[in-house]
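Coordinate inspection notes
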Amino acid sequence: MELNKFLNEVCPLIKDYGWAYYFAESTQKKGQEKGLDIFSLYFLGRGGVMGDVDPPMVIAAFGYFNPRVITQMWTQGRQKINPREAATLYFQCAEIFGEEHFAGIENLEEFNAACEKVLGAADATSLMLFAGAKAMPLSENVAGRAMQLISILREFRGSAHLLAVKSVGLNTKTAHFLARPNDFAMFGWGETDIPEITNREPELLAAAELLTDEIVMPAYSILNDNERKLIVNVMNEISEILKGEN
């Protein structure tokens, strides 16, 4: 499978399903055991891979949220649980979700090996959130490990895309509004925050997408043809499984 075709097929799937456990019922239950609501666990769990850092670090790594939201959620959440502990808990949530949903998928061990091959080749320089996620220990359970790996690959492209957005001269608030206008308020922005859009901004976002591909391409290029096909096939099967539950 040609590399560009592979990326065009697999990256959207990783983006759509790498966060599948974030707000799952099982994740919510694990958070409640620590006195955390699902949103506090989201911020502390994702950002906690960087350790017990101050809010500006999390704001920089997340990119698209209103800084006030991150500051509030991070400050309140770290009073209940150490961010590093929350990160470990969040990876356990990914493991549980994978066990619950992916156990019947064939060739998961080979899928995991291919994903780990990509991560081994991925350069985490300047990709803070990905660097932290990449360093997290993985489950020995095959299905749980698969969910964890998909989530790390999502952080890889997400961090690369944030870097690309800044590199082409587009601010993250505008990029987020262009890409997901229906989610703008959910990320803490109000009507007065809606940016003015000209013909230039969509062009810059398109350029950022191409640059993102260039950033992640060396890591994925290490895969052989069979490994690329395997990853696509398994991700399509995961898509069908999770779509069927909605």
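The coordinates are above.
Everything quoted here is computed from the prediction, not taken from an experiment.

This part takes up the overall build of the protein chain. Looking only at helices and strands, the protein chain has twelve helices and zero strands in total. Taken from the N to the C terminus, the helices and strands of the protein chain come in the order α-α-α-α-α-α-α-α-α-α-α-α. The C-alpha atoms of the protein chain give 18 Å as radius of gyration, which agrees with the globular expectation for 246 residues (18 Å, within 12%). Summarising its shape, the C-alpha atoms of the protein chain cover approximately 50 × 45 × 35 Å along the three principal directions. Within the span of the protein chain, comprising 246 residues, buried residues form 50% of the whole.

Time to look at the layout of surface pockets. Roughly 1000 Å³ of internal volume is contained in the largest pocket. Around the largest pocket, the lining is made up of 40 residues, and of these Lys15, Tyr64, Arg154, Arg180 and Phe187 lie nearest the centre. Secondary-structure elements contributing two or more residues to the lining of the largest pocket are α1 (3–17), α3 (38–47), α4 (55–62), α5 (67–77), α9 (142–167), α10 (172–179) and α11 (200–220). Sort the elements by how many residues they give to the lining of the largest pocket and α9 lands first, with eight residues. Along the lines of polarity and charge, the residues of the lining of the largest pocket split into 24 nonpolar, six polar and ten charged.

Taken as a whole, this structure holds 22 aromatic pairs when the rule is applied. Taken together, the ring pairs connect Trp19, Tyr21, Tyr22, Phe23, Phe39, Tyr42, Phe43, Phe62, Phe65, Tyr90 and Phe187 into an aromatic cluster. Directly above the ring of Phe62 sits Arg46, whose terminal nitrogen or CZ lies 4.7 Å from the centroid.

Among the secondary structure elements, Met217 is positioned in helix α11. Taking the C-alpha atoms as reference, Met217 lies 10.0 Å from Arg157; in sequence the two are 60 residues apart. When neighbours within four sequence positions are excluded, Met217 is seen to be in contact with Leu3, Asn4 and Leu7.

This part is about the pattern of salt bridges. Throughout the structure, instances matching the rule amount to 13 salt bridges. Where Lys29 meets Glu25, a salt bridge forms, and the shortest distance between an N and an O atom there is 3.6 Å. Placement of the pair is Lys29 and Glu25 together in helix α2 (residues 25–33), with a separation of four residues, close to one helical turn. The exposure class of Glu25 is exposed, given its relative accessible area of 58%.

Rules used in this analysis
- Residues numbered from 1 in each chain as written.
- Predicted model: local features only at pLDDT ≥ 70, side-chain atom pairs only at ≥ 80, totals over all residues.
- Heavy atoms only, no water.
- Helix = DSSP H or I, 4+ residues; strand = E, 2+ residues; numbered from the N terminus.
- Rg over C-alpha atoms; globule rule 2.2 N^0.38 Å.
- Buried < 20%, exposed > 50% of the residue type's maximum accessible area, 1.4 Å probe, protein only.
- 1 Å grid on protein atoms, 1.4 Å probe; cavity = no way out; pocket = protein on both sides within 12 Å on 5 of 7 lines; lining within 4 Å.
- Points joined across faces, edges and corners; volume = space filled by probe spheres on them.
- Nonpolar A, V, L, I, M, F, W, Y, C, P; charged D, E, K, R; others polar.
- Phe/Tyr/Trp six-rings, centres within 6.5 Å; stacked < 30°, edge-to-face > 60°.
- Lys NZ or Arg CZ within 6 Å of the ring centre and 35° of its normal.
- Contact = heavy atoms within 4.5 Å.
- Salt bridge = Lys/Arg side-chain N within 4 Å of Asp/Glu carboxyl O.

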